[in-house]
Amino acid sequence: MMLDVWELMPKPAGANVVGVRWVYDLKVDEEGNIERYKARLVAQGFSQKEGIDFKETFAPTMHIKTARVLLALAAKHKMSCRQYDVSTAFLHASLKEEVYVKQPPGHIVSGKEGWVYRLRKAMYGLKNAPKAYSDHFMSVLSELGFRQSVKDECLWILKKGNARVYYLFHVDDILCVSNDDMLRDVCFESLKKKLRIRDEGEPKMFLGVKISRDESGCGFRMSQKHYIERMAKRFNIDDNAKPTETPAMYGQKLTTDMCPKSDDEKLAAAKLPFQALVGGLIYVTKTRPDVAYQISDVARFMSRWGVEHFKAALRILRYLYCTRDECLSIMPDERDMIVKCYVDANWGDDRDSGEKMDDKWKSQYGYLLYVNNCLISWCSKRQHSRSLSSMEAEYMAASEASKEVKWLRVLMSELDHEQMNATKMYEDNKACVAFSKNNTCHARTKHIDIRAYALRDCVREGEIDVVHISTDCQLADMFTKTQLKHTFMTHKNMLMMGISEDPKEVKMRRKVGMCVCLSCFVGGASSITA
């Protein structure tokens with residue numbers, strides 16, 4: 001074979017022989033249309049024996065937020081973006097272990113029916129194939145002069161003078177961002193000598209996310225419209241379904257009281273594809289931060305659910321289907337690429353999610369990080385421990401957000417945008433703001449876990465500046481609770497359009513008697529189309 005994948009030989013005595021099978025798949029384009037039919041021979045890795053057929057299996061995977069950072073960088077500096085694809089990626093990597101596989105069905109050599117193939121290269125399906133390929137690909141990039149990012153193992157950076165080339169890879173998909181077309185092309189030609197790689201042009205579909213340029217040709221839009229439509233079709237939602245403008249009703253509370261109690265109710269609930277539905281919804285949060293809290297809420301009942309929980313998840317899908325044309329916008333900005341953070345917490349949720357979870361009275365927190373007006377990272381999550389006050393809940397949430405801030409600050413430094421000033425962290429709890437800056441210890445705070453004091457260290461070192469913000473302007477509020485329709489629509493539009501509120505501007509508008517509501521920045525419920 002061209003890649004010298006294997007050699008046919010008699011079966012060694014006592015060797016473990018791994019089975020193989022054919023797998024058929026469809027490759028679709030950014031609109032969900034069939035692009036080509038694929039057939040691949042894969043190994044049945046479940047029959048491998050650890051210590052004999054493989055030792056290590058870990059292979060790094062990229063962070064989707066790193067891709068958002070690169071797109072924000074490309075939008076600001078008008079850098080070129082390309083997408084590369086490595087054909088039969090795993091077959092380029094050599095195997096260190098001795099692995100034998102059976103002859104493929106339909107291609108058994110006559111007279112050598114009992115013989116097996118000894119693999120020289122990593123074959124799809126093997127447990128150690130991803131690690132073998134990632135090691136091989138990273139060694140190739142290292143030979144070309146790239147260096148690995150500290151904060152994302154799949155981000156590789158090449159610097160020559162003022163020229164920059166960034167590679168962000170996930171298995172065989174590579175996102176390339178560069179400010180020098182000549183150096184970019186030289187790197188690509190060097191890769192072609194090592195790998196079977198092709199240039200697919202401007203990024204259109206990356207990790208299931210559609211990426212397109214905006215009307216100006218400078219900004220980007222990220223959408224999962226085709227994925228939402230496939231999910232809707234799977235769960236029988238179409239244009240005839242009742243439209244909804246919010247993913248959940250205001251005041252909705254999913255509780256364990258909604259779980260089935262009788263045997264008949266349990267049998268009926270078991271037939272509902274609740275886990276499949278919620279699992280599919282989680283994937284949508286790559287580009288839809290407006291449903292992060294609602295999906296987090298229904299996901300708490302993955303081990304025990306009822307009909308009402310299933311209906312709540314279906315409502316989220318109906319909302320996504322009705323707003324499927326909306327995109328996450330990454331727009332250029334003339335200002336420096338400054339990181340800022342919004343964080344909030346909802347103290348003391350009295351709901352329990354059921355068996356073995358023990359999460360009653362634990363607080364829900366959320367945060368979101370911007371680089372200028374580009375939304376990069378967000379989170380909506382239940383806290384691991386119970387808080388005894390709203391200040392403690394907010395402080396623990398801010399401490400968790402500080403980890404993400406430190407990660408993003410280092411990443412921005414690697415991308416030549418070092419944060420010279422402290423990152424503004426907007427918090428609507430004045431006690432939390434004061435506690436993050438003052439070394440106080442009294443009866444109401446001395447019990448707080450020592451790991452939470454990492455936030456205070458960041459403040460003292462000048463990395464983070466915790467700033468008070470009005471609750472009206474707290475964008476992270478939608479990550480902690482179900483909001484009123486008007487508030488939700490306003491915050492959602494700001495997230496998707498890449499608009500964040502500056503508290504200094506709020507104060508100025510207050511002085512002159514202007515409206516301070518976030519809705520003055522956006523109109524109604526207009527959607528952003530791809």
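Residues numbered from 1 in each chain as written. Predicted model: local features only at pLDDT ≥ 70, side-chain atom pairs only at ≥ 80, totals over all residues. Heavy atoms only, no water.

Some details on the overall build of the protein chain
Going by this rule: Strands here are runs of E lasting at least two residues and helices are runs of H or I lasting at least four, both read from the DSSP assignment and numbered beginning at the N terminus. Think of it in three bands: residues with accessible area under 20% of the maximum for their type are buried, residues over 50% are exposed, and the middle band is partly exposed, with areas taken using a 1.4 Å probe on protein chains only. By definition in these notes, contact holds between two residues if any of their heavy atoms fall within 4.5 Å. A 1.4 Å probe and the Shrake-Rupley method give the accessible areas. Residues count as covered only by the protein chains that appear here.
What the protein chain contains, in helices and strands, is 13 helices and 21 strands. Buried positions account for 53% of the 530 residues belonging to the protein chain. Sequence-distant contacts, at least 24 apart, represent 74% of the contacts inside the protein chain between residues at least 6 apart. Within the structure as shown, the protein chain displays about 24900 Å² of accessible surface, and the carbon and sulfur contribution to it stands at 51%.

Here's the deal with the packing of aromatic side chains
Using the following cut-off: Any two rings among Phe, Tyr and Trp, with Trp reduced to its six-membered ring, count as a pair given centres within 6.5 Å; such a pair is stacked if its planes are under 30 degrees apart, edge-to-face if over 60, and tilted if neither. A ring is considered to have a charge above it if a Lys NZ or an Arg CZ atom is located within 6 Å of its centre and within 35 degrees of its normal.
Enumeration over the complete set of coordinates arrives at 15 aromatic pairs. Judged by centre distance (5.4 Å) and plane angle (20°), the rings of Phe 274 and Trp 305 are stacked. Highlighted residues: Phe 274 in helix H6 (residues 274-284) and Trp 305 in the loop between helix H7 (292-299) and helix H8 (307-322), separated in sequence by 31 residues. Taken as a pair, Phe 274 and Trp 305 share a single burial class, namely buried. A cation sits over an aromatic face here: Lys 65 above Trp 407, 4.9 Å from the ring centre. Between Arg 456 and the ring centre of Phe 435, over which it is positioned, the NZ or CZ distance is 4.6 Å.

Topic: the pattern of salt bridges
When their charged atoms lie close together, side chains carrying opposite charge are able to pair. As a reminder of what qualifies: Salt bridges, as used here, are contacts in which a Lys or Arg side-chain nitrogen is within 4 Å of a carboxyl oxygen on Asp or Glu.
Counted by the stated rule, this structure contains 29 salt bridges. Among the ionic pairs, Lys 159 bridges to Asp 416, the shortest N-O distance being 2.9 Å. Of this pair, Lys 159 sits in strand S9 (residues 155-160) while Asp 416 sits in the loop between helix H9 (390-414) and strand S20 (423-427), and the two are 257 residues apart along the sequence. Given the relative accessible area of 33%, Lys 159 is considered partly exposed. A relative accessible area of 39% means that Asp 416 is categorised as partly exposed. A salt bridge links Glu 202 to Arg 213, with the shortest nitrogen-to-oxygen separation between them at 3.2 Å. Residue Glu 202 is located in the loop between strand S12 (197-199) and strand S13 (205-206), and its partner Arg 213 is located in strand S14 (residues 209-213); the two are separated by 11 residues in the primary sequence.

Considering the packing of helix H1 (residues 64-77) against H9
Put simply, the rule reads: The angle between two axes is taken between their N-to-C directions and runs from 0 to 180 degrees, where each axis is a line fitted to C-alpha atoms and a helix contributes only its stretch in contact. Under this scheme an angle from 65 to 115 degrees is roughly perpendicular, one under 35 degrees roughly parallel, and one over 145 degrees roughly antiparallel; angles in between are oblique. In this scheme the crossing of two helices becomes right-handed for a clockwise turn of the near helix relative to the far one and left-handed for an anticlockwise turn of less than a right angle.
Their axes nearest at 12 Å, the elements H1 and H9 cross at an angle of 45°. Regarding the angle of H1 to H9, the classification is oblique. H9 is crossed by H1, and the crossing has right-handed handedness. Across the interface between the two elements, Lys 65, Thr 66 and Val 69 of H1 pack against Glu 404, Trp 407, Leu 408, Leu 411 and Met 412 of H9.

Brief notes about the environment of Asn 429
For Asn 429, the location among the structural elements is in the loop between S20 and helix H10 (430-437). Along the sequence, Asn 429 and Ser 390 sit 39 residues apart, while their C-alpha atoms lie 8.2 Å from each other. Beyond its immediate stretch of four places on either side in the chain, Asn 429 contacts Ser 390, Met 391, Glu 394 and His 468.

Focus on the environment of Gln 44
Tracing the sequence through the fold places Gln 44 in the loop between strand S4 (34-43) and H1. By relative accessible area, which is 25% here, Gln 44 ends up partly exposed. Remark: the alpha-carbon pair of Gln 44 and Gly 125, spanning 81 residues in sequence, is separated by 5.9 Å. The contact partners of Gln 44, leaving out residues within four places of it in the chain, are Val 18, Gly 19, Val 20 and Arg 21.

Section: the nonpolar core
Spelled out, the test is: Each nonpolar core is a collection of buried residues, namely Ala, Val, Leu, Ile, Met, Phe, Trp, Tyr and Cys, held together in the definition by side-chain atoms within 4.5 Å.
In this structure, Tyr 167, Leu 408 and Met 425 are the most contacted members of the largest nonpolar core, which totals 149 residues. The leading source of residues in this core is H9, at 11 residues. If near-sequence neighbours (up to four positions away) are discounted, Met 425 is found in contact with Cys 341, Val 343, Ala 398, Ala 401, Ser 402, Val 405, Leu 455, Ile 464, Asp 465, Val 466 and Val 467.

Notes on unusual backbone geometry
In this structure, Leu 207 is a non-glycine residue whose phi angle is positive, near 55°. For Leu 207, the location among the structural elements is in the loop between S13 and S14. Although it is not a glycine, Asn 236 adopts a positive phi angle of roughly 60°. Here Asn 236 is to be found in the loop between helix H4 (225-234) and helix H5 (263-270). Judged by relative accessible area, which is 72%, Asn 236 ranks as exposed.

Looking at a nonpolar patch on the surface
Here is the rule we go by: Each patch is built from residues that are more than 30% exposed by relative accessible area and take part in no salt bridge. Like charges join if they lie within 9 Å; nonpolar side chains (Val, Leu, Ile, Met, Phe, Trp, Tyr) join within 5 Å.
On the surface, Leu 26, Val 28, Ile 34 and Tyr 37 cluster together to form a nonpolar patch covering roughly 400 Å² of accessible area. Put simply, the parts of the chain that give the nonpolar patch at least two residues each are strand S3 (20-28) and S4. Residue placement: Tyr 37 occurs in strand S4. Taking relative accessible area as the criterion, Tyr 37 reaches 68% and is therefore assigned exposed.

Considering the packing of H6 against H8
Here is the rule: Gly is put with the polar residues, along with every residue not named as nonpolar or charged; the nonpolar set is Ala, Val, Leu, Ile, Met, Phe, Trp, Tyr, Cys and Pro, and the charged set is Asp, Glu, Lys and Arg.
Contact geometry for H6 and H8: axes closest at 10 Å, N-to-C directions at 35°. Read as a crossing pair, H6 and H8 show a hand that is left-handed. Residues Phe 274, Leu 277, Val 278, Leu 281 and Val 284 of H6 touch H8, and the partners they reach there are His 309, Phe 310, Ala 313, Leu 314, Ile 316, Leu 317 and Leu 320. Split by residue class, the contact of H6 with H8 holds 11 nonpolar, 1 polar and no charged.

Brief notes about H9
Under the convention used in this document: One fewer than the residue count of a helix, multiplied by 1.5 Å, yields its expected span.
Here H9 contains 25 residues, and its C-alpha end-to-end distance of 37 Å stays within 8% of the 36 Å for a straight helix at 1.5 Å per residue. The first or second residue beyond H9 is Asp 416, which carries a positive phi of 70°.

Looking at the confidence of the model for the protein chain
For clarity, the threshold we go by: Scored between 0 and 100, pLDDT is the confidence that the predictor attaches to each residue.
For the protein chain, the mean per-residue pLDDT works out to 85, and 90% of the residues sit at or above 70. Every residue in residues 506-530 scores below 50 in pLDDT, and together they form 50 contacts with partners more than four places removed in sequence or on other chains.

Observations regarding the sheet that holds S14
Strand pairing in a sheet relies on backbone hydrogen bonds, with the paired strands running either antiparallel or parallel. Stated formally: In short, DSSP must find at least two bridges between two strands for them to pair.
Here we have 4 strands laid out as an open sheet, ordered S13-S14-S15-S16, and antiparallel in their pairing. Taken across any chain shown, the strands that pair with only one partner, and hence form the sheet edges, are S13 and strand S16 (328-330). Note that strand S15 (residues 220-223) and S16 share 3 bridges and pair antiparallel. Bridging across to S16, Met 222 finds its partner in Leu 328.

Things to note about the layout of surface pockets
We apply this condition: Both cavities and pockets are sets of points on a 1 Å grid over the protein atoms alone; in a cavity a 1.4 Å probe fits but cannot get out, in a pocket the set is open with protein on both sides within 12 Å along at least five of seven lines, and lining residues sit with an atom within 4 Å of a point. Grid points are joined across faces, edges and corners, and a volume is the space filled by probe spheres set on the points.
Of the volumes computed, that of the largest pocket is approximately 1400 Å³. The set of elements that each furnish at least two residues to the lining of the largest pocket consists of S3, S4, strand S5 (80-86), S13 and H4. For the lining of the largest pocket, the leading source of residues is S4, giving 7 residues. Residue composition of the lining of the largest pocket, grouped by class: 20 nonpolar, 7 polar and 16 charged.

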